[in-house]
Amino acid sequence: MSSKNNVDILITNASELLTCKPFDPKKPKTGEDLKDLVIIKDGALGIKDGRIAFIGTSTDAKNITAKTTINAARKVVMPGFVDCHTHAVFAGSREDEFLKKQQGIPYLEILKQGGGILNTVEKTRRASKEELLQKSEKIFWKMLEYGTTTVEVKSGYGLSFEDEKKILEVAQDVTKKVPIDIIRTYLGAHTVPKNTSKENYVKEVISSLEKIKKYAEYCDVFCEKGVFSVGETETILTAAKKHGFKLKLHAEQNNQLHSAELAAKLGVVSADHLEYISPDGIKSMVDKGVIGVLLPGVPFYLMEEKYAPVRELINNGMAIAIASDFNPGSCPSYNMQLMISLACLKMKLLPSEAINATTINAAFAIDRGNEIGSLEEGKKADVIVLEVDNHNKLPYYFGINLVEKVIKNGKVVIDRGKSSIVDKH
Ligand code: NIG
Ligand code: FE
């Protein structure tokens, strides 16, 4: 018997096994490929040593023996969600702002009044590393419960070398306590801290790059009217690139600044938000293969009408991903299933497109498309089992956690089997 016939975990009888396999293994899904989940009906999946060792139908799997067998009859099996844009390490909460937003005070106005991001900066600076770690541990366990197996985390609530480092260290240390993978991004240029001029702060961010490099893979900037201009963003990201950072960019969120064109010029991996992107911005991003990360939870939560023009992006050939943007101000949710529902309801994505955008394309948005995001032999065994029998039910039920099991690195880390069935036949 070959070793392939002897696995650690064998999942069988899945009504739909969504492989999310890309047409080109080196590229995110675009156009028609984005609609294709590459589904295996009556699917089976074998896991050995933390990797996917077998994928096929239950009939193909009948000679495989396993230490543990999971019967996924009438269930969807799919890759764990990749949340490729979050600000998940912070202290405190901002429910007071929630009330202001209800009264119609805009997000950027709250920031201008010294609230918003600066409010969380104050609390995060005051928190000890241990306090931050304890809070983060709870958050990342909950993310796993909702099916997220890899998450990108930005700093940006410290705004000084020591405090930014503290956040990035917590984002690393928490992975010793929670079985989740975290990709770290330095967002020192999230806003300008109090009692500093913007000019000085831009210099400070640039001079901190060398020291901070060992704590983060990416560098990001909040390019926005009243925050960092296109010129300042270019200066910071050009310096970051020289120090070996991969780049990301908060672009065109509330105003059309042509930061998408800058994203393309700098060769960033992803430009995120894009509500106000221009036709030229779309073209330049597509030409350079920059992924557009869309965050539907943000306009939803900020009660704004304008969402990113996703159909235009797709029709022009852009690769898109969807993430939560989990943060205490503009989207206090990390429920990727809810983000899929919002992408379908508010942006009119097809369920299949939204699912590919939260798995394989999101993996490419953090440069991990060769490791995670799809179910293929040799890839990391990050797999979720949903308690519904077809993928259209994922956006259909909204705000409900449909995850029954989470397998991370080949181990069952969450099993909610009994408590949560919404769809028993
Ligand atoms: O992505 N845009 C800037 N930063 C976050 C919000 C952060 C906050 O409000 O604390 C975002 O929306
Ligand atoms: Fe963000």
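Nothing here was measured: the structure is a model prediction, and the numbers come from that model.

Chemist: Just give me the short version of the overall build of the chain, but keep the residues and values in it.
Modeler: The number of helices and strands found in the chain is 15 helices and 16 strands. Relative to its length of 425 residues, the chain is compact, with a C-alpha radius of gyration of 21 Å against a globular reference of 22 Å. The dimensions of the chain, computed from C-alpha atoms along their principal axes, are 70 × 45 × 45 Å. Counting every position in the chain, which comprises 425 residues, the buried fraction comes to 61%.

Chemist: So what's going on with the environment of alanine 66? Residues and values would help.
Modeler: Among the secondary structure elements, alanine 66 is positioned in strand 4 (residues 65-71). Using a relative accessible area of 28% as the deciding quantity, one classes alanine 66 as partly exposed. Setting aside anything within four residues of it in sequence, one finds alanine 66 in contact with Val7, Asp8, Ile9 and Leu10.

Chemist: Give me the site of ligand 1: which residues, what numbers.
Modeler: Every one of the 15 residues lining ligand 1 counts as a neighbour, but Arg94, Tyr107, Tyr157, Asp325 and Ser330 are closest to it. Note that an oxygen atom of ligand 1 is positioned 2.6 Å from one of the side-chain N or O atoms of tyrosine 157. A distance of 2.7 Å separates an oxygen atom of ligand 1 from a polar atom in the side chain of serine 330. Protein burial of ligand 1: of its 330 Å² of free accessible surface, 100% is covered by the chains. Looking at the shell around ligand 1 residue by residue, the classes come out as four nonpolar, nine polar and two charged.

Chemist: How would you sum up the confidence of the model for the chain? Please name residues and give values.
Modeler: Averaged over every residue, the pLDDT of the chain is 96; the share at 70 or more is 97%. Across residues 420-425, where pLDDT falls below 50, the model places 15 contacts with residues more than four positions away in sequence or in other chains.

Chemist: Requested: an account of unusual backbone geometry, with residues and values cited.
Modeler: Even without being glycine, asparagine 13 reaches a positive phi, approximately 65°. Secondary-structure assignment places asparagine 13 in strand 1 (residues 6-18). At glutamate 252, a position not held by glycine, the phi torsion is positive, near 55°. Looking at the secondary structure, you find glutamate 252 in the loop between strand 10 (246-251) and helix 8 (259-266). Residue class for glutamate 252 comes out buried when judged on its relative accessible area of 1%.

Chemist: How would you summarise the nonpolar core if you had to cite specific residues and measurements?
Modeler: One finds Phe140 and Ile320 to be the most contacted residues of the largest nonpolar core, which totals 124 residues. Ranked by residues supplied to this core, first place goes to helix 12 (residues 336-347) with eight residues. Each of domain 1 (3-79 + 375-423) and domain 2 (82-365) accounts for three or more of the residues forming this core. Residues within four places of isoleucine 320 in sequence aside, it is in contact with Leu34, Ile291, Gly292, Leu294, Val310, Leu313, Ile314, Leu349, Ala357 and Asn361. Ile9, Ala14, Ile47 and Val385 belong to the second largest nonpolar core, which has 17 residues in total.

Chemist: With reference to specific residues and values, describe the coordination of the iron ion (ligand 2).
Modeler: Taken together, the protein donors to the iron ion (ligand 2) comprise His85 (NE2), His87 (NE2), His250 (NE2) and Asp325 (OD), at separations of 2.1 to 2.4 Å. Sequence spacing of the donors to the iron ion (ligand 2): H-x1-H-x162-H-x74-D. With histidine 87 in the loop between strand 6 (81-83) and helix 1 (95-102) and histidine 250 in strand 10, this pair connects stretches of sequence that are 163 residues apart. Summarising the burial analysis for this pair, histidine 87 and histidine 250 share the class buried.

Chemist: Mind laying out the pairing of strand 8 (residues 181-189), listing which residues take part and the relevant values?
Modeler: Buried residues dominate strand 8, accounting for eight of its nine residues. Examined bridge by bridge, strand 7 (residues 148-154) and strand 8 share five bridges and lie parallel to one another. Across the sheet, residue valine 151 finds its bridge partner in strand 8, namely isoleucine 182. Here strand 8 pairs with strand 9 (residues 218-221) via three bridges, running parallel.

Chemist: Tell me about the sheet that holds strand 13 (residues 320-322), and name the residues and values.
Modeler: Reading across the sheet, the eight strands line up as 6-7-8-9-10-11-12-13 and stay open at both edges, with parallel pairing between neighbours. Pairing within the sheet leaves two strands with one partner each, and these edge strands are strand 6 and strand 13. Averaged over all adjacent pairs, the angle separating strand axes in this sheet is 25°, with direction ignored. Sitting on the sheet, helix 4 (residues 129-145) is in contact with strand 7 and strand 8, with an inclination near 140° to strand 7.

Chemist: Outline the pairing of strand 2 (residues 39-48), supporting the account with residue identities and numerical values.
Modeler: Looking at chain direction, strand 1 and strand 2 are connected through seven bridges and run antiparallel. Along strand 2, the bridge assignment pairs isoleucine 9 with isoleucine 47. As judged from the six bridges shared by strand 2 and strand 3 (residues 51-57), these two strands associate in the antiparallel manner. The residue of strand 3 that forms the bridge with isoleucine 47 is isoleucine 52. Between the end of strand 2 and the start of strand 3, which pair antiparallel, lie two residues, with aspartate 49 showing a positive phi angle near 50°.

Procedures and definitions
Residues numbered from 1 in each chain as written. Chains lettered and ligands numbered in written order. Predicted model: local features only at pLDDT ≥ 70, side-chain atom pairs only at ≥ 80, totals over all residues. Heavy atoms only, no water. Helix = DSSP H or I, 4+ residues; strand = E, 2+ residues; numbered from the N terminus. Rg over C-alpha atoms; globule rule 2.2 N^0.38 Å. Buried < 20%, exposed > 50% of the residue type's maximum accessible area, 1.4 Å probe, protein only. Contact = heavy atoms within 4.5 Å. Near = heavy atom within 4 Å. Polar contact = N/O pair within 3.5 Å; in protein donor to acceptor, adjacent residues only side chain to side chain. Areas by Shrake-Rupley, 256 points an atom, 1.4 Å probe, with all protein chains shown as cover. Nonpolar A, V, L, I, M, F, W, Y, C, P; charged D, E, K, R; others polar. pLDDT = per-residue confidence, 0-100. Core = buried A, V, L, I, M, F, W, Y, C linked by side-chain atoms within 4.5 Å. Domains from an automatic or database assignment. Donors = N, O, S within 2.8 Å, 3.2 Å for Na, K, Ca; no water. Pairing = 2+ DSSP bridges. Axes fitted to C-alpha atoms, helices over the stretch in contact; angles between N-to-C directions.

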